[in-house]
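Inside the fold
This is what each chain is made of:
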Amino acid sequence: MSRSVASTETLTFEEYRFYQGEPDVLYELFRGHLIPMATPTALHTRICDFLVYKLKFYFADQNLPLIAITTTGVRTEVDSSRIPDVVVCTSALWEQACTRPGSGILDLGEVPTLVVEVTSDNWREDYIRKRAEYALIDIPEYLIVDSNKERIWVLNHPEGEEGYQREEFTRGQELKFVQFPGLVLSVDTILSPPLVEDLIREEQAQRRQLEQQVDEERQRADEERQRAERLAARLREMGVNPDDI
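Bear in mind that the values here come from a model prediction, so they are computed numbers and not experimental data.

**Topic: the packing of aromatic side chains**
- Following the criterion strictly, the structure yields 10 aromatic pairs and no others.
- Where Phe-177 meets Phe-180, the ring centres are 6.2 Å apart and the plane angle is 50 degrees; that geometry is what we call tilted. The exposure classification of Phe-177 matches that of Phe-180, with both residues buried.
- Members of the aromatic cluster, connected to one another through ring pairs, are Tyr-58, Phe-59, Phe-177 and Phe-180.
- Of note, Arg-75 hangs over the ring of Phe-13, and the distance from its end group to the ring centre comes to 3.9 Å.
- A cation over a ring is seen here: Lys-149 above Trp-123, with NZ or CZ 5.1 Å from the ring centre.

Dropping the structure here:
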């Protein structure tokens, strides 16, 4: 997601890493030119939050050394750097980027596992220009979430003659990630996502319910054991060895 108007000011990639522009404005770099990113809509933010949450939960559940993050740069050319809405990379790559001064950007050769763009009014950037840039550096999977057209494109296999292969998912379908086959999400839910805080509250309620069930089972087991011990004691009082029964 970015605005179409680029600055006339030109910067090298190293200058861009330390660039300080207007407060609260993120800038991408395209062939030396700064491109201010549009302020995201509330729906845009909810979609990104939901995807990051689901990805993080899946990585933790599957014990994968991957992280999902936002507002992280990805260098695509000598003097170009994009800021996908969601970036998935190995924790080792992210730690490596964090050790460098300046903005957190994955440099050339530090290829993310997955990037996600949620389209804005300037959809050509996501569908055409960024698609070519991400394919050029061999990002294996690229998702375009388009709430206006109510569809999601999953782009993969960037090594082909025509770049990415495309698979389209629409409302009523379930989105399947190429690299994470165990992670299946409803397209309807992605396009109209719940609040992450509600998901956390629901999961915490389910955890408390499970813990209560475990406690109740443990209590019943203790009561059965105590009854068995009382019966055994009574039998011994009657001169009967319960072990012989």
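**Focus: the pattern of salt bridges**
- Using the criterion set out here, one finds 21 salt bridges in the structure.
- We note a salt bridge from Arg-201 to Asp-198, for which the minimum N-O separation is 2.6 Å. One end of the pair, Arg-201, and the other, Asp-198, are both in helix H6 (residues 196-237), three residues apart, so they sit about a helical turn from each other.
- Between Glu-224 and Arg-227 there is a salt bridge; the shortest N-O distance is 2.1 Å. Taken together, the residues span about one helical turn, with Glu-224 and Arg-227 both in helix H6 at a distance of three residues.
- Residue Glu-224 is classed as partly exposed on the basis of its relative accessible area of 46%.
- The partly exposed category is assigned to Arg-227, whose relative accessible area is 39%.
- By sharing partners, the salt bridges in this structure join Glu-28, Arg-82, Glu-117, Glu-125, Asp-126, Arg-129, Lys-130 and Glu-133 into a single network.

**A short note on the sheet that holds strand E10 (residues 151-156)**
- If you walk across this open sheet you meet the six strands as E3-E6-E8-E9-E10-E11, and the pairing is mixed. Taken across any chain shown, the strands that pair with only one partner, and hence form the sheet edges, are strand E3 (66-69) and strand E11 (165-170). Across the sheet, the mean angle separating the axes of adjacent strands is 15 degrees when strand polarity is ignored.
- Bridging between strand E9 (residues 141-146) and E10 involves six bridges; their strand directions are antiparallel.

**Considerations on the side chain of Thr-72**
- As for its position among the elements, Thr-72 is in the loop between E3 and strand E4 (73-77).
- Here Thr-72 falls in the buried class, since its relative accessible area comes to 2%.
- In contact with Thr-72, other than residues within four places in its own chain, are Arg-82, Ile-83, Pro-84, Val-87, Trp-94 and Gly-104.

**Topic: the environment of Phe-50**
- By the secondary structure assignment, Phe-50 is in helix H2 (residues 42-61).
- Note on Phe-50: relative accessible area 2%, which makes it buried.
- Put simply, Phe-50 and Ile-190 are 140 residues apart on the chain and 7.3 Å apart in space, counted from C-alpha to C-alpha.
- For Phe-50, the residues in contact, after removing those within four places along its chain, are Leu-185, Thr-189, Ile-190, Pro-193, Pro-194, Val-196 and Leu-199.

**Details of the state of the cysteines**
- On inspection of all chains with the given rule, the structure shows zero disulfides.
- With no disulfide of its own, Cys-48 lies 16 Å from the sulfur of Cys-89, the closest cysteine sulfur.
- Cys-98 supplies the cysteine sulfur nearest to Cys-89, a cysteine that is in no disulfide, at a spacing of 8.7 Å.
- Of the residues examined, Cys-89 reaches a relative accessible area of 0% and is grouped as buried.

Rules used in this analysis
- Residues numbered from 1 in each chain as written.
- Predicted model: local features only at pLDDT ≥ 70, side-chain atom pairs only at ≥ 80, totals over all residues.
- Heavy atoms only, no water.
- Phe/Tyr/Trp six-rings, centres within 6.5 Å; stacked < 30°, edge-to-face > 60°.
- Buried < 20%, exposed > 50% of the residue type's maximum accessible area, 1.4 Å probe, protein only.
- Lys NZ or Arg CZ within 6 Å of the ring centre and 35° of its normal.
- Salt bridge = Lys/Arg side-chain N within 4 Å of Asp/Glu carboxyl O.
- Helix = DSSP H or I, 4+ residues; strand = E, 2+ residues; numbered from the N terminus.
- Pairing = 2+ DSSP bridges.
- Axes fitted to C-alpha atoms, helices over the stretch in contact; angles between N-to-C directions.
- Contact = heavy atoms within 4.5 Å.
- Disulfide = S-S within 2.5 Å.

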